[in-house]
Amino acid sequence: MAEKNKSKAEHAHDEHTAEHFRQKHLMLDPLPRGQMNDMVMEAMTGKPTWKFWLTVVILGSIVVYGLGYSWYRLIAEGLGIAGVNRPAYWGIFLVNTVFWIGISHAGTFISAILRVFKAEFRRPFTRIAELMTTFGLVQAGFSIFMHLGRAWLSYWLVPYPNERMLWPNFHSPLSWDLLAITTYLLSSTMYLFLPLIPDLAMARDKSTGWRKNFYRILAIGFRGTEGEWTHLRNAMNIFAYAIIPVMFSVHTIVSWDFAAATRPGWNSTIYGPYFIIGALHSGMGAAAVVLAVVRGTMKHMDYFIRGEHFDAIGKLMLIISMGWAYFYFNDYIVQWYGGDKWTKQLLHFHEAGPLGWMWLAMLIVNIAIPWAILWNQKWRSNPWLISIVGILINVGMWFERYLIVPVSLAINRMPFTWRLYIPAVEVYLSLGTLALFILFYVIASKLIPFIPVWEVQEGQLAHKLSKFGRETVVTVSELE
Amino acid sequence: MTETVNLLAVFPDLEPASDAVEQLRLLGVTDDHMNVISGVPVTEPMLGRPHAWTNVPRIAFGGAILGMCGALFLIFIVPYLYPYPIQVGPQAYVPGPPSFILLFEITMLGMLLSTFLGVWLESFFPNYRPLQYLPEISDGKFVVYFSCPEASQDKFTKTMTALGAEKVTLAEARQL
């Protein structure tokens, strides 16, 4: 009798443990595939609320004014209406270029690096992150075109001979930029599309009307035969490995735009990795924000995106914040120790100049706040708290780029040219790119399945609960 | 000459689908005459199927070579196409480190573009013709698609049903 009671109690305990794991881990809480498909489709095709339309109208208006009208003015009246002038000839346009390229890094980091290392928590949000790469790079491209002034002549950067048989000068880091950003934009868009094909096929099977035709065209005839999956799996593996060095190269090359110049504050050998860790810092922060917003605003997303995912992203954000602090200090101390008069002057200007508050705020939101909050599992699992940290990190990282670009340009070896950069039309253009980035997400939420259902199901097939002695643990089989 | 028919057997799970593959082989259907269609990737060993051949890695390699050739053209030929030499600081006419950047970026671009193209070529995408397919596949069903002699259709249908097939239908090409 005692034995029977003990076994009953053990069984109840096991059930309780299993339920606890199911609530916590998406991979241990499988639903029928059809139900998961319906949830994703309902989130995407549900009738938009007035809040949705209000968001579209507000963002659309900012885009029209910020990107449309302000850019028209910039083109019609010339770069003179922007704040850029000697010595700060690079202003917010370049700050935004670096910022958006940084944001774009999170997509590849989450999707490719975590795929290569088989980090299972990545599965439900790889697409949301991949979209960030493509959307972010579009904003970076816009920012470069704005900076060019005569944007319609941007094709002069493309390697082909013009009428005077002149080719772009490949000695220049700016032409490396074009190659690297183009390669990254094309690669990340293809990498976004490949794993999307099976979900587009699912959407095709589940839709009617114009959506049916839309998804039929995009699904390009995918059925899910053994051959199709094999080709897709191989291609995704090649992409996952190959896109990582491309991602690293992009921001390293962007850093060389600065580091290759023999200017105080810029001429640093550590700028490559420092820029990359900065890119990951802002990108992961942005990923946390997007994930929290998607979870909070779209139907059924609380099933797919759970506290465990924010917990995992929070850990990455904490580690990356430590890495950023290390690289920042490394860059700082070497420049400080060198004793060069103008570099010292510049460092002092950063810390105690009119924008000293920005320098201090950068350190607080990039280091102090993440360290104070993200060490705690409960706090970092809270979607809204982690998204606030994410927003603050992005503000901090934007400040960092502002200090590197126009503020550093204000101090040079010719004191008679010193002048603080004051942005003008750039502010509206910046708001325009930010609004367009968000608008892209809002529109995509109604057209693209945000959750890669097949990847989630694949993960759920691979996970199970096992007993080791008296303990119940999660085990993962390597199905790929 | 024996007339053949194409059938689609719908299974709720992977296990009975792999059993069906095994049974079909015992009934004389060769691997070339069957395929498993699913909404989730399953490897060939799970299904007991021979390794599916793909040329995607070879196409990717070919693209990388093409990209590299393009980069070498820009590095070694283009500087001599200028009407006058462009000298940048103390750098050589064909500078080493910048050339390496060009070589890396364009080779990678060639490889990734051709990998993407490889999937399209190998899978015959885009394909908007009517195809043998059932929408249930998206909902997690495993469909075994096979050819069998028309005279034995009933026998094959019964065998598949006995193995757990929810339905066995004639494979008709339909607009996806």
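Residues numbered from 1 in each chain as written. Chains lettered and ligands numbered in written order. Predicted model: local features only at pLDDT ≥ 70, side-chain atom pairs only at ≥ 80, totals over all residues.

**Considering the overall build of chain A**
Turning to step 1, where the next piece is worked out: Per the secondary structure count, chain A includes 17 helices and two strands.
Turning to step 2, where the next piece is worked out: For 480 residues, the compact-globule formula gives about 23 Å, and the C-alpha radius of gyration of chain A, at 25 Å, lands near that figure.
Turning to step 3, where the next piece is worked out: Summarising its shape, the C-alpha atoms of chain A cover approximately 95 × 55 × 45 Å along the three principal directions.
Turning to step 4, where the next piece is worked out: When the 480 residues of chain A are sorted by exposure, 47% land in the buried category.
Turning to step 5, where the next piece is worked out: A separation of at least 24 residues holds for 80% of the contacts in chain A among residues at least 6 apart in sequence. (Helix = DSSP H or I, 4+ residues; strand = E, 2+ residues; numbered from the N terminus. Rg over C-alpha atoms; globule rule 2.2 N^0.38 Å. Buried ≥ 20, exposed ≤ 12 C-beta atoms within 10 Å, placed from the backbone. Contact = placed C-beta atoms within 7 Å.)

**Here's the deal with the pairing of strand S1 (residues 4-11) of chain B**
Residue and element names in this part refer to chain B.
Turning to step 1, where the next piece is worked out: Judged from the eight bridges that link them, S1 and strand S4 (residues 142-149) form a sheet pairing that is antiparallel. Looking at S4, one finds that Ala 9 is bridged to Val 144.
Turning to step 2, where the next piece is worked out: The pairing of S1 with strand S5 (residues 167-170) spans four bridges and is classified as antiparallel. Residue pairing across strands places Val 10 opposite Lys 167, the latter belonging to S5. (Pairing = 2+ DSSP bridges.)

**Side note on the sheet that holds S1(B)**
All names here are of chain B.
Turning to step 1, where the next piece is worked out: Sheet architecture is open: four strands sit in the order S2-S4-S1-S5, paired in antiparallel fashion. On the outer flanks of this sheet lie strand S2 (34-37) and S5, each paired with one strand and no other. Between one strand axis and the next, the sheet turns through 25° on average, direction left out of account.
Turning to step 2, where the next piece is worked out: Packed onto the sheet, helix H1 (residues 14-26) meets S1, S2 and S4 and runs at close to 15° relative to S4. (Axes fitted to C-alpha atoms, helices over the stretch in contact; angles between N-to-C directions.)

**Comments concerning helix H13 (residues 356-374) of chain A**
Residue and element names in this part refer to chain A.
Turning to step 1, where the next piece is worked out: Counted at 1.5 Å a residue, the expected span for H13 with its 19 residues is 27 Å, and the 26 Å between its end C-alpha atoms agrees.
Turning to step 2, where the next piece is worked out: If you check which residues of H13 are buried, you get Trp 359, Met 362, Val 365, Asn 366, Pro 370 and Leu 374.
Turning to step 3, where the next piece is worked out: Next to the buried residues of H13 lie helix H9 (271-297), helix H11 (307-338), helix H12 (341-352), helix H14 (377-380) and helix H15 (383-410). (Expected span 1.5 Å × (residues − 1).)

**A look at H1(B)**
Residues and elements named next belong to chain B.
Turning to step 1, where the next piece is worked out: Taking 1.5 Å of rise per residue, the 13 residues of H1 would be expected to cover 18 Å, and the 19 Å separating its terminal C-alpha atoms lies within 8% of that figure.
Turning to step 2, where the next piece is worked out: What H1 keeps buried is the set Pro 16, Ala 17, Ser 18, Ala 20, Val 21 and Leu 24.
Turning to step 3, where the next piece is worked out: Once H1 finishes, Gly 28 follows within two positions and takes phi at roughly 100°, a positive value.

**Quick word on the interface of chain A and chain B**
Turning to step 1, where the next piece is worked out: Each partner contributes residues to the interface: chain A has 52 residues there, and chain B has 53 residues.
Turning to step 2, where the next piece is worked out: Listed by contribution, the elements that provide at least two residues to the side of chain A that touches chain B are helix H2 (33-45), helix H6 (173-206), helix H8 (226-259) and helix H17 (453-462) of chain A.
Turning to step 3, where the next piece is worked out: With 16 residues, the single largest contributor to the side of chain A that touches chain B is H8(A).
Turning to step 4, where the next piece is worked out: For the side of chain A that touches chain B, the residue count by class is 27 nonpolar, 15 polar and 10 charged. (Nonpolar A, V, L, I, M, F, W, Y, C, P; charged D, E, K, R; others polar.)

**Some remarks on unusual backbone geometry**
A negative phi holds for most residues other than glycine; trans holds for most peptide bonds.
All names here are of chain A.
Turning to step 1, where the next piece is worked out: Between Arg 86 and the following residue, Pro 87, the backbone shows a cis peptide bond with an omega angle of 0°.
Turning to step 2, where the next piece is worked out: By the element assignment, Pro 87 lies in the loop between helix H3 (50-77) and helix H4 (92-116).
Turning to step 3, where the next piece is worked out: Notably, Ile 220 is not glycine yet its phi reads approximately 45°, a positive angle.
Turning to step 4, where the next piece is worked out: As for its position among the elements, Ile 220 is in the loop between helix H7 (209-218) and H8.

**A closer look at the nonpolar core**
Turning to step 1, where the next piece is worked out: In terms of nonpolar packing, the biggest core is built from 173 residues, with Ala106(A), Ala287(A), Ala288(A), Ala9(B), Ala20(B), Val143(B) and Val144(B) touching the most fellow members.
Turning to step 2, where the next piece is worked out: Shared between two domains, this core takes at least three residues from each, and those domains are domain 1 (4-51 + 129-174) and domain 2 (56-122) of chain B.
Turning to step 3, where the next piece is worked out: Filtering out sequence-adjacent residues up to four positions away, Ala288(A) remains in contact with Phe310(A), Ile313(A), Met317(A), Ile386(A), Ser387(A) and Gly390(A). (Core = buried A, V, L, I, M, F, W, Y, C linked by C-beta atoms within 7 Å. Domains from an automatic or database assignment.)

**Topic: the packing of helix H3 (residues 56-77) of chain B against helix H4 (residues 96-122) of chain B**
Residues and elements named next belong to chain B.
Turning to step 1, where the next piece is worked out: Running from amino to carboxyl end, H3 crosses H4 at an angle of 145°, the nearest separation of the two axes being 6 Å. Crossing angle aside, the handedness with which H3 passes H4 is right-handed.
Turning to step 2, where the next piece is worked out: Classifying every residue of the contact of H3 with H4 gives 18 nonpolar, 10 polar and one charged. (Left-handed = near helix turned anticlockwise from the far one by under 90°.)

**Quick look at the domain arrangement of chain B**
Turning to step 1, where the next piece is worked out: Under the domain assignment, chain B is made up of domain 1 (4-51 + 129-174) and domain 2 (56-122).
Turning to step 2, where the next piece is worked out: Look at where the C-alpha atoms of domain 1 of chain B and domain 2 of chain B centre, and you get two points 46 Å apart.

**A look at the packing of H3(A) against helix H16 (residues 426-444) of chain A**
Residue and element names in this part refer to chain A.
Turning to step 1, where the next piece is worked out: Running from N to C, H3 and H16 cross one another at 140°; their axes reach a closest spacing of 8 Å. The orientation of H3 with respect to H16, classified from their angle, is oblique. In this structure, the crossing between H3 and H16 has a hand that is left-handed. Contact with H3, carried on its side by Thr 55, Val 56, Leu 59, Gly 60, Ile 62, Val 63, Tyr 65, Gly 66, Leu 67, Ser 70 and Trp 71, involves Tyr 428, Leu 429, Leu 431, Gly 432, Thr 433, Ala 435, Leu 436, Ile 438, Leu 439 and Val 442 of H16 and no other residues of that element.
Turning to step 2, where the next piece is worked out: Taken together, the residues of the contact of H3 with H16 break down into 15 nonpolar, six polar and no charged. (Parallel < 35°, antiparallel > 145°, perpendicular 65-115°, else oblique.)

**What to know about the pairing of S4(B)**
Residue and element names in this part refer to chain B.
Turning to step 1, where the next piece is worked out: Burial analysis of S4 places six of its eight residues in the buried class, which makes it a mostly covered element.
Turning to step 2, where the next piece is worked out: Relative to S4, S2 runs antiparallel, the two sharing four bridges. Bridge assignment links Met 34 to a residue of S4, and that residue is Phe 146.

**Structural notes on the environment of Val64(A)**
Turning to step 1, where the next piece is worked out: Relative to the helices and strands, Val64(A) resides in helix H3.
Turning to step 2, where the next piece is worked out: Taking C-alpha positions, Val64(A) is 9.4 Å from Leu436(A), a pair spaced 372 residues apart along the chain.

**What to know about the confidence of the model for chain B**
Turning to step 1, where the next piece is worked out: Per-chain confidence: chain B averages 92 in pLDDT, with 99% of residues scoring 70 or above.
Turning to step 2, where the next piece is worked out: Two numbers describe this predicted complex: its pTM, 0.93, and its ipTM, 0.94. (pLDDT = per-residue confidence, 0-100.)

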